[in-house]
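# Summary of structural features
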Amino acid sequence: MRPREGSGWWQPRSHATRFTTFLAVGFCGLGTQLGVTALLYGDLHFALWLGAALAIQTAILVNFTANSLVTWHDRTGARSRLHRFLSFEGVSLVGLGINEGVLLTAATVMGIHYLLAVVCGAAAASLWNYGANSRFTFPASSIRALPGPAVDGTVDEEPRGVSRR
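First things first, this report covers the structure right here in the doc. Sequence order as written defines the numbering, with residues in each chain counted from 1. Where totals are concerned, whole chains, interfaces and linings use all residues; where local detail is concerned, this predicted model gives features only for residues with pLDDT of at least 70, and gives and counts side-chain atom pairs only at 80 or more. To get the side-chain values, take all heavy atoms of the structure and skip hydrogens and water.

Our next topic: the overall build of the protein. Only DSSP runs of H or I reaching four residues or more are called helices, and only runs of E reaching two or more are called strands; each is numbered from the N terminus. Per the secondary structure count, the protein includes four helices and zero strands. Its helices and strands taken in sequence order, the protein reads α-α-α-α from the N to the C terminus. Three labels apply to residues, based on accessible area from a 1.4 Å probe with only protein chains included: buried if under 20% of the type maximum, exposed if over 50%, partly exposed otherwise in between. Each of the 165 residues in the protein was classed as buried or not, and the buried ones make up 40%.

Set out below in structure tokens:
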């Protein structure tokens, strides 16, 4: 059975569409990161590096869940959710380093407000996160075959003795 390409917004068909979906999910993570950073650094007076790191980790959890359900839902394959999460976490820790580096440089060296620096750091890390997660966490080789019509309109035949019920 061939993978069936999307018939709706939840089934991205190209890198451009998938990246757009990834960015939309990322805005949820960015909102999480901004809120947690504002709470920890702005209200509770954590050190900026620590508040930002905890906020980024919180956003990583939000983004993994949403990306699994929306962006790469068709690439779950045989890998367990835990295996995908550990891969996502590993990729995201590199992104955390990129994010923190840009954020701390922007806020402490350049004097940019810390919440704007959060946005700059997240933007810088998003290209790494998309590319690495697309390759390592949700590789194209893990595309799950979906029953029904393919992009070209043909219908895959079911194996003998297997019904769609």
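Okay, the nonpolar core next. Side-chain atoms within 4.5 Å are what join buried Ala, Val, Leu, Ile, Met, Phe, Trp, Tyr and Cys residues into a set we call a nonpolar core. Among the nonpolar cores identified, the biggest contains ten residues, and these are Leu 30, Leu 48, Ala 52, Leu 103, Ala 106, Ala 107, Tyr 114, Ala 117, Val 118 and Ala 122. Every element with two or more residues in this core is listed here: α2 (48-71), α3 (81-109) and α4 (114-137). Residues within four places of Leu 103 in sequence aside, it is in contact with Gln 33, Leu 48, Ala 52, Ala 117, Val 118 and Gly 121. Listed in part, the nine residues of the second largest apolar core include Phe 22, Ile 56, Trp 72 and Phe 88. For this analysis, residues touch if any pair of their heavy atoms sits within 4.5 Å.

Helix-helix packing is described using two parameters, namely the angle between the two axes and the distance between the axes. Contact pair α2 / α3: the axes reach a minimum separation of 9 Å and the direction vectors enclose 140 degrees. Crossing angle aside, the handedness with which α2 passes α3 is right-handed. Taken together, the residues of the contact of α2 with α3 sort by class into 15 nonpolar, five polar and four charged. For helices, the fitted line uses only the C-alpha atoms of the stretch in contact; every axis is such a line through C-alpha atoms, and the angle between N-to-C directions lies from 0 to 180 degrees. Rotating anticlockwise by less than a right angle from the far helix to the near helix defines a left-handed crossing, while the corresponding clockwise rotation defines a right-handed one. Residue classes follow a fixed rule: Ala, Val, Leu, Ile, Met, Phe, Trp, Tyr, Cys and Pro count as nonpolar, while Asp, Glu, Lys and Arg count as charged, and any other residue, Gly among them, counts as polar.

Right, let's talk about unusual backbone geometry for a bit. A positive phi angle, near 60 degrees, is found at His 45, a position not held by glycine. Using a relative accessible area of 64% as the deciding quantity, one classes His 45 as exposed.

Turning to the packing of aromatic side chains, a few remarks are in order. Only Phe, Tyr and Trp rings are paired, with Trp represented by its six-membered ring, and only when their centres lie within 6.5 Å; those with planes under 30 degrees apart are stacked, over 60 edge-to-face, the remainder tilted. Evaluated as defined, the whole model comprises nine aromatic pairs. Ring geometry for Phe 19 against Phe 22: centres 6.2 Å apart, planes inclined by 20 degrees, an arrangement best described as stacked. One end of the pair, Phe 19, and the other, Phe 22, are both in helix α1 (residues 15-43), three residues apart, so they sit about a helical turn from each other. Its relative accessible area of 23% is what places Phe 19 among the partly exposed residues.

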